[in-house]
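# Survey of secondary and tertiary structure
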Amino acid sequence: KGQDNGLFCLRGHTPPPLQRRSRRTMVDVTKWPLFSLMEGEELSSIRQACVFGTSANEVIYITHNDDVYVFGLNCSNCLGTGDSQSTILPKKLDFLSGRKVVSLSYGSGPHILLATEEGELFAWGHNGYSQLGNGTTNQGVAPVLVSASLLNKRVTEVACGSHHSLALTNTGEVYAWGYNNCGQVGSGSTANQPTPRRVSNCLQNKVVVSITCGQTSSLAVVENGEVYGWGYNGNGQLGLGNNGNQLTPCRLVGLQGLCVLQIVSGYAHSLALTDEGLLYAWGTNTYGQLGTGNKSNQLSPVQIMAEKERIVEIAACHSTHTSAAKTQSGQVYMWGQCRGQSIVLPFLTHFSCTDDVFACFATPSVMWRLLSMEHDDFLTVSQSLKKEFDSPETADLKFSVDGKYIHVHKAVLKIRCEHFRSMFQSHWNEDMKEVIEIDQFTYPVYRSFLEFLYTDNIDLPPEDAIGLLDLATSYCENRLKRLCQHIIKRGITIENAFSLLAAAVRYDAEDLEEFCFKFCVNHLTEVTQTAAFWQIEGNLLKEFISRASRCGAFKN
């Protein structure tokens, strides 16, 4: 399955999504031992955090007030405190306080890159190869603004290899600097690069949307879903079908016909996730980190986990030989080097997020991305409401759908939904009833709607989400419409893409319509061979063909 040859992968360019480096999750930060000495009040103040370092002995975290703190061993001045002293107690980096952090990465020295919401880039730590981008090889004892070549540029994402650095701007340009013994800076030579230099050559007219680094290699995804690599390739980590180093970016032809959404790199291996939820791996496989069932290196991308359900997230980082992935239903798999063992096939864990894999099984137990925390210190109002949904003990009203009861509370429904606020007026018959019959929606759809009013969340497969989208449209629940669209997007396939496009048009869901249209164009040949395509009504079919033609889908 994949994109047609000659077609381009339609994806509007926006600043690289924060979720790649930072994801809001319920992960317990104390799974990393360094946090175990912190009091509950200190822990509850943390909004973002990253554990890094050769032995995972350093921490940087940002509070809800945007204060930046560090603690740990302080190898190569990587804490940025202005001295070389280690500290078991958090120290505040006053220079960075008040700046909202959007991306952070670390090298092996380690050196640190940090990008702010304003597009500023700061660097500190190890600088033996000019990886701080300040033109010197003097260690950076405190955060310094990286300005050379980046003046008037807005940095949105950063990535570090062992001793080289990448920065992505909001206009899709990639800058690189630092150690360049294998061409990982992409300059066409192997001379170290002391200041940021734009990576050009075949990226010159491309808009890059995502970047990642292995130890001595670099990868970038451009807006049409193509992947380019450069740098060290001795074990095939660039996925080019050979093991020769690349001094300038080269396209991964092994991923041709696929639209890649996310890439991550381990020490010397890489993973790619496509818009269809397919997972590809290549590079070093000494510990089984490719998940192929053996330990043979792969010079070109190979698909793994093909028999599993759709993949929605992949995880790796250059410090480790560990890989992880999360499926659509929330199952988390791990493979590669896991606490000294070599797991050669993806292993199903009981974790709820990929971050837990790195906390518990990676060596060193670093964080693979800047992590954002939510806290569960007490039972909130929303948690209490969630607990009482469909509770016969406290409910004062029942809905009967498909012969099944759903227990609810009138007051909650009136507070949360304008439809029910009107329904439970004294002049409506429903106001006097203890049981209300519902026949226009199915039980899973209506139960999910009522549960949404208690929890702000929905848990439905994409097929049922279409019915819920219908309900949300009828009841004028705009936020619910957006959530339905999100579920449907994650569940889009070749087989159902045109049906989902038709539903988006029918329910006036413009964002979903645009998404489904782009997916259909990206996979035009296969979509046009599905039953859903030929069962669609004529006007919509004509409009689709006309619109696809205008954006060049039928050009050779």
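Since the structure is predicted, the reported quantities are computational estimates derived from the model, not experimental observations. Here the residue numbers are simple positions, counted from 1 along each chain's written sequence. Totals for whole chains, interfaces and linings use all residues, but because this is a predicted model, local features are given only for residues with pLDDT of at least 70 and pairs of side-chain atoms are given and counted only at 80 or more. The basis for every side-chain value is the complete set of heavy atoms in the structure, and neither hydrogens nor water enter the calculation.

### Regarding the overall build of the protein chain
Selection criterion: Helix and strand definitions here come from DSSP, where helices need a minimum of 4 consecutive H or I residues and strands a minimum of 2 consecutive E residues; each element is numbered from the N-terminal end. Partly exposed describes any residue whose relative accessible area lies between the buried limit of under 20% and the exposed limit of over 50%, with all areas from a 1.4 Å probe on protein chains only and scaled to the type maximum. The contact criterion used throughout is that any non-hydrogen atoms of two residues lie within 4.5 Å. Only the protein chains shown count as cover for residues, and all accessible areas are computed by the Shrake-Rupley method using a 1.4 Å probe. Here Asp and Glu are counted as negative and Lys and Arg as positive; His is not counted, and neither are the chain ends. Positions of charges follow a simple convention, taking NZ of Lys, CZ of Arg, CG of Asp or CD of Glu.
Across its full length, the protein chain holds 13 helices and 29 strands. For the protein chain, the proportion of its 556 residues judged to be buried stands at 55%. Excluding contacts between residues fewer than 6 apart, the proportion of contacts in the protein chain whose partners are at least 24 apart in sequence is 55%. A total of about 23000 Å² of accessible surface is found on the protein chain, and carbon and sulfur atoms cover 49% of it. Mean positive and mean negative side-chain charge positions of the protein chain (45 and 54 charges, respectively) differ by 5 Å.

### Re the pattern of salt bridges
Two side chains of opposite charge can pair, provided their charged atoms sit close to one another. What counts is decided by this rule: Any carboxyl oxygen of Asp or Glu within 4 Å of a side-chain nitrogen of Lys or Arg constitutes a salt bridge here.
Applying the stated criterion across every chain yields a total of 22 salt bridges. A salt bridge links Glu307 to Lys308; the shortest N-O distance between them is 3.7 Å. By relative accessible area, which is 60% here, Glu307 ends up exposed. The class of Lys308 is partly exposed, set by a relative accessible area of 30%. We note a salt bridge from Arg550 to Glu543, for which the minimum N-O separation is 4.0 Å. Owing to a relative accessible area of 60%, Arg550 belongs among the exposed residues under this scheme. The network of salt bridges with shared partners includes Glu513, Glu514, Lys518 and Arg547.

### As for the environment of Val141
When you line up the elements, Val141 lands in strand 9 (residues 140-145). Sequence separation between Val141 and Asn77 is 64 residues, and the spatial gap between their C-alpha atoms is 5.2 Å. For Val141, the residues in contact, after removing those within four places along its chain, are Asn77, Gly80, Thr81, Gly82 and Asp83.

### Here's the deal with the packing of helix 8 (residues 478-490) against helix 10 (residues 510-522)
This is how it is decided: In this description, a line fitted to the C-alpha atoms serves as the axis of each element, helices being fitted only across the stretch in contact, and the angle between N-to-C directions of two axes falls anywhere from 0 to 180 degrees. Any angle from 65 to 115 degrees is called roughly perpendicular, while one under 35 is roughly parallel, one over 145 is roughly antiparallel, and all others are oblique. Gly falls in the polar group here, along with every residue not listed as nonpolar (Ala, Val, Leu, Ile, Met, Phe, Trp, Tyr, Cys, Pro) or charged (Asp, Glu, Lys, Arg).
Where helix 8 contacts helix 10, the two axes come as close as 9 Å, and the packing angle between them is 10°. When the axis of helix 8 is compared with that of helix 10, the two are roughly parallel. Contact with helix 8, carried on its side by Gln485, Ile488 and Lys489, involves Asp511, Leu512 and Phe515 of helix 10 and no other residues of that element. Looking at the contact of helix 8 with helix 10 residue by residue, the classes come out as 3 nonpolar, 1 polar and 2 charged.

### Re helix 8
What counts is decided by this rule: By this rule the span expected of a helix is its residue count minus one, scaled by 1.5 Å. Here the arc refers to the set of directions running from the helix axis out to each C-beta atom.
Taking 1.5 Å per residue as the helical rise, helix 8 with its 13 residues ought to reach 18 Å, and the 19 Å between its terminal C-alpha atoms agrees with that figure. Residues of helix 8 that are buried include every one of Leu480, Lys481, Cys484, Gln485, Ile487 and Ile488, and no others. The arc that holds the buried residues of helix 8, viewed along the axis, is 165°, so those residues lie on one side. Turned more than 90 degrees from where helix 8 packs its buried face, Asn478 and Arg482 sit exposed. Of the surrounding elements, those touching the buried residues of helix 8 are helix 6 (443-455), helix 7 (462-474), helix 9 (497-506) and helix 10.

### Here's the deal with the packing of aromatic side chains
For any pair of aromatic rings, geometry is given as the distance between the ring centres together with the angle between the planes. Operational definition: In this analysis, rings of Phe, Tyr and Trp, with Trp reduced to its six-membered ring, are considered paired at centre separations within 6.5 Å, and the interplanar angle assigns stacked below 30 degrees, edge-to-face beyond 60, and tilted for intermediate values. Throughout this description, the term charge over a ring refers to an Arg CZ or Lys NZ atom that lies within 6 Å of the ring centre and within 35 degrees of the ring normal.
With the rule as written, the count across this model stands at 22 aromatic pairs. Ring geometry for Tyr129 against Tyr179: centres 4.0 Å apart, planes inclined by 35°, an arrangement best described as tilted. Residue Tyr129 is located in the loop between strand 8 (121-125) and strand 9, and its partner Tyr179 is located in the loop between strand 12 (174-178) and strand 13 (193-198); the two are separated by 50 residues in the primary sequence. Taking the centre distance of 5.7 Å and the plane angle of 55° together, the rings of Phe399 and Phe420 count as tilted. Of this pair, Phe399 sits in strand 27 (residues 397-401) while Phe420 sits in helix 5 (residues 418-423), placing them 21 residues apart in sequence. Three or more aromatic residues link up through ring pairs in this structure, and these residues are Phe399, Phe420, Phe424, Phe441, Tyr446, Phe449 and Tyr475. Over the aromatic face of Phe95 sits the side chain of Arg99, whose NZ or CZ is 5.3 Å from the ring centroid. Lying across the ring of Phe517, Arg547 places its NZ or CZ 3.9 Å from the centre.

### Thoughts on the sheet that holds strand 21 (residues 298-304)
Spelled out, the test is: Here the rule is simple: two strands pair whenever DSSP picks up at least two bridges between them.
With antiparallel pairing, 4 strands are arranged side by side in an open sheet as 18-19-20-21. Strands with a single pairing partner mark the edges of an open sheet, and in this sheet they are strand 18 (260-265) and strand 21. When strand polarity is set aside, the average angle formed by the axes of neighbouring strands in this sheet is 20°. As paired elements, strand 18 and strand 19 (residues 269-274) share 5 bridges and run antiparallel to each other. If you follow Val260 over to strand 19, its bridge partner there is Thr274.

### Here's the deal with the sheet that holds strand 25 (residues 341-348)
With antiparallel pairing, 4 strands are arranged side by side in an open sheet as 22-23-24-25. Bordering the open sheet on either side are strand 22 (311-315) and strand 25, each of which pairs with just one other strand. If you compare each strand with its neighbour and ignore which way they point, the axes differ by 10° on average. Across 4 bridges, strand 22 lies against strand 23 (residues 322-327) in antiparallel orientation. Note on strand 23: the bridge partner recorded for Ile314 is Ala325.

### What about unusual backbone geometry?
Of note, the bond from Gly109 into Pro110 is cis; its omega dihedral lies within 30 degrees of zero at 0°. Residue position: Pro110 is located in the loop between strand 6 (101-106) and strand 7 (111-116). A cis amide bond, omega 0°, links Thr363 with the succeeding residue Pro364. With phi around 65°, Asp66 is a residue other than glycine that occupies positive phi space. With respect to the helices and strands, Asp66 occurs in the loop between strand 3 (58-63) and strand 4 (68-72). Located in the positive-phi region is Met305, a residue other than glycine, with phi close to 55°. With respect to the helices and strands, the residue Met305 is situated in the loop between strand 21 and strand 22.

### Quick word on the confidence of the model for the protein chain
Our working definition: Known as pLDDT, the predictor's per-residue confidence is scaled from 0 to 100.
With 93% of its residues at a pLDDT of 70 or more, the protein chain shows a mean pLDDT of 91. Below pLDDT 50 for its whole length, residues 12-25 participates in 52 contacts with residues either more than four positions away or in separate chains.

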